[in-house]
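Read off the chains here:
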Amino acid sequence: GQQVKQSSPSLTVQEGGISILNCDYENDMFDYFAWYKKYPDNSPTLLISVRSNVDKREDGRLTVFLNKSGKHFSLHITASQPEDTAVYLCAAGENQGGSAKLIFGEGTKLTVSS
Amino acid sequence: NAGVIQTPRHKVTGKGQEATLWCEPISGHSAVFWYRQTIVQGLEFLTYFRNQAPIDDSGMPKERFSAQMPNQSHSTLKIQSTQPQDSAVYLCASSLVGNQDTQYFGPGTRLLVL
């Protein structure tokens, strides 16, 4: 089954607005949560991540919110710019079992219109 | 500072032929991951090495796929008797051991099996 799910395949936001990308997960053992950005024909690049012992992390225009009880995490991008247009992949992983593999969501295509 | 290097960038094979994909991790990174990306399945984990030892191959198809890491500077993914459904972008990622959550992806090898 799909352990990490992004229910919105696409999102359009006006320039200057807030982009909110959502991700749900199933595995209680996940202790690491990340957002990757991917341009067409490029590989994913890590944007921001959190461990399960925090519920929020900010980095410039990016904020990750983690809701462990709801098995949900989100990425907020403030002051969205046209260059933010890309596919955003959420990912989760657990280190306790010895494997550091990441499980990715299907991706949400964000379009920031000017 | 070179990132993860993958060769070839593109490979076209005929059905039934063998394909070998190469990955050179970032210098000093001792954790290497292989993922596969398709439109239908998204980004899927295949296998993971730590300090050259195979740790988790739970995502590898049981037949025809194998991976090795003969030294700390490269890993290979071999697909025997390739099939059209093997067509995908194969991504290699590396990380520091102890910080395996933070994975840096290579540009990928786009494999097309005709």
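Before reading on, note that the structure itself is shown above.
What counts and what doesn't
Residues numbered from 1 in each chain as written. Chains lettered and ligands numbered in written order. Predicted model: local features only at pLDDT ≥ 70, side-chain atom pairs only at ≥ 80, totals over all residues. Heavy atoms only, no water. Disulfide = S-S within 2.5 Å. Helix = DSSP H or I, 4+ residues; strand = E, 2+ residues; numbered from the N terminus. Buried < 20%, exposed > 50% of the residue type's maximum accessible area, 1.4 Å probe, protein only. Salt bridge = Lys/Arg side-chain N within 4 Å of Asp/Glu carboxyl O.

Enquirer: Tell me about the state of the cysteines, and please be specific about residues and values.
Expert: Formally, a disulfide is one covalent bond, and it connects the sulfur atom of one cysteine to the sulfur atom of another. Tallied over the entire structure, the rule returns 2 disulfides over all chains. A sulfur-sulfur separation of 2.0 Å characterises the disulfide bridge that pairs Cys23 of chain A with Cys90 of chain A. Taking the sign of the S-S torsion, about 60° here, the bridge from Cys23 of chain A to Cys90 of chain A comes out right-handed. Taken together, the positions of Cys23 of chain A in strand E3 (residues 19-25) and Cys90 of chain A in strand E9 (residues 86-93) put the pair 67 residues apart, joining distant regions of the chain. An identical accessibility class is assigned to Cys23 of chain A and Cys90 of chain A; each is buried. There is a disulfide in this structure between Cys23 of chain B and Cys92 of chain B, and the S-S distance comes to 1.8 Å. When the S-S torsion is -60°, as for the bridge of Cys23 of chain B with Cys92 of chain B, the disulfide is left-handed.

Enquirer: Any chance you could break down the pattern of salt bridges for me, citing the residues and the numbers?
Expert: Evaluation of the coordinates by the stated rule reveals 8 salt bridges over all chains. We note a salt bridge from Glu106 of chain A to Lys5 of chain A, for which the minimum N-O separation is 3.2 Å. Note that Glu106 of chain A is positioned in the loop between strand E10 (102-104) and strand E11 (108-113) and Lys5 of chain A in strand E1 (residues 4-5), a separation of 101 residues in sequence. Judged by its relative accessible area of 37%, Glu106 of chain A is partly exposed. Measuring nitrogen to oxygen at the nearest pair gives 2.6 Å for the salt bridge that ties Asp86 of chain B to Arg64 of chain B. In this pair, Asp86 of chain B is assigned in the loop between strand E8 (74-79) and strand E9 (88-95) and Arg64 of chain B in the loop between strand E6 (53-56) and strand E7 (65-71), connecting sequence segments 22 residues apart. A relative accessible area of 25% means that Arg64 of chain B is categorised as partly exposed.

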